[in-house]
Amino acid sequence: MVGVPLARRTRKRAAKLARPTRIDAVLGYAALGWPSVPGAHPLRHGPRACSCDRIGCPDPGAHPLSPAWHLQATTDATQLTRWWQREPDANVILPTGRVFDVFDVPLAAGLSALTRIDAAGSHSGPVAANGDRVLFYVGTRGNPDDEDEWWSCHLDCDPATIDDTPGLRWHCRDSYVLAPPSTLPTGQPVSWLRPPDGRPLPDPLRLLEWLAD
């Protein structure tokens, strides 16, 4: 009877060691050239649902700690280490529109598209599960000269040019995403379905064809 609980504790300890820490993750992103910044984290107890100072925060645990996040985001390992030593539970925020953009789609649509991409032998790029959403990381087109070619898509709006695809969000400049191994208010982690592997990110318009099919 003693062996079973001991084995169970050993498995739990191994799983904990295998789970990436916040600082491990952000330093890994920095090595890829992906800047990051600390985010608020959800609270499980007390009157507030979010670690920020706002009562009734509309987006608990899914926003940057600082309103100056777009200026503070960095790949500097010293600064990142300092931030997460100070706030070890801080979620990980990755700005979009710099190194990459992100297609944010409902879970069922994202998994379906990922299955079809894999079956076709195409490159999906990094893909993350974020609760009931799936996030596809694609190359960014940055700041084109023609403003009609691009737009700024915030967290809760759909680009006007793809209104025929309900639920599809395009995070580009002036936006951000919650990255693994951040924690959602449900206690569920944000996790990689396809982790970044150093390969070039897929072209956004090509991947959009899979998602809007």
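For clarity, every value in this text was computed on a predicted model and none was experimentally measured.

From N to C terminus, the chain includes six helices and eight strands. Reading the helices (α) and strands (β) of the chain from amino to carboxyl end gives α-α-β-α-α-β-β-α-β-β-β-β-β-α. With 213 residues in all, the chain has 42% of them scored as buried. Here the contacts in the chain between residues at least 6 apart in sequence split such that 73% fall between residues at least 24 apart. For the chain, the exposed surface amounts to about 11,700 Å²; the carbon and sulfur share of it is 54%.

What follows covers helix α4 (residues 77-86). For α4, the full list of buried residues reads Leu80, Trp83 and Trp84. Each buried residue of α4 sits inside an arc of 85° when the element is viewed along its axis, so together they form one side. α4 presents Thr78, Gln85 and Arg86 as exposed residues on the side facing more than 90 degrees away from its buried surface. The secondary structure elements touched by the buried residues of α4 are α2 (22-31), β1 (37-39), α3 (69-72) and β2 (91-95).

Time to look at the environment of Asp104. Among the structural elements, Asp104 can be located in strand β3 (residues 100-106). By relative accessible area, Asp104 is classed as buried at 7%. Counting along the chain gives 24 residues from Asp104 to Ala128, while the straight-line C-alpha distance between them is 9.5 Å. Discounting residues that sit within four places of it in the chain, Asp104 has contacts with Arg133, Val134, Leu135, Gly167, Leu168, Arg169 and His171. Of note is the side chain of Asp104, whose polar atom sits 2.6 Å from the side chain of Arg133. Engagement of the side chain of Asp104 in a polar contact is seen with the side chain of His171, the distance being 3.1 Å.

Attention shifts here to the environment of Phe103. In this structure, Phe103 sits in strand β3. Between the C-alpha atom of Phe103 and that of Leu207, which follows or precedes it by 104 residues, the distance is 8.9 Å. Ignoring sequence-local partners within four residues, the contact set of Phe103 consists of Val134, Leu135, Phe136, Val138, Leu168, Arg169, Trp170, Pro204, Leu207, Leu208 and Leu211.

On to the pairing of strand β5 (residues 133-139), then. On any regular strand, side chains alternate: one points to one face of the sheet, the next to the other face. The buried count for β5 comes to seven of seven residues, which makes it a mostly enclosed element. The sheet contact formed by β3 and β5 spans seven bridges and is antiparallel. Each residue of the ladder has a partner; that of Val102, found in β5, is Tyr137. Here four bridges tie strand β4 (residues 127-130) to β5, and the two strands are oriented antiparallel to one another. Of the residues in β5, the one forming a bridge with Ala128 is Leu135. The turn joining β4 and β5, which pair antiparallel and follow one another in sequence, is formed by two residues; a positive phi near 65° is taken by Gly131.

Counted according to the given criterion, the structure contains three salt bridges. Between Arg194 and Asp118 there is a salt bridge; the shortest N-O distance is 2.2 Å. Taken as a pair, Arg194 in strand β8 (residues 191-194) and Asp118 in helix α5 (residues 107-119) lie far apart in primary sequence, 76 residues in all. Assessed through its relative accessible area of 30%, Arg194 is described here as partly exposed.

Calculation notes
- Residues numbered from 1 in each chain as written.
- Predicted model: local features only at pLDDT ≥ 70, side-chain atom pairs only at ≥ 80, totals over all residues.
- Heavy atoms only, no water.
- Helix = DSSP H or I, 4+ residues; strand = E, 2+ residues; numbered from the N terminus.
- Buried < 20%, exposed > 50% of the residue type's maximum accessible area, 1.4 Å probe, protein only.
- Contact = heavy atoms within 4.5 Å.
- Areas by Shrake-Rupley, 256 points an atom, 1.4 Å probe, with all protein chains shown as cover.
- Arc of directions from axis to C-beta.
- Polar contact = N/O pair within 3.5 Å; in protein donor to acceptor, adjacent residues only side chain to side chain.
- Pairing = 2+ DSSP bridges.
- Salt bridge = Lys/Arg side-chain N within 4 Å of Asp/Glu carboxyl O.

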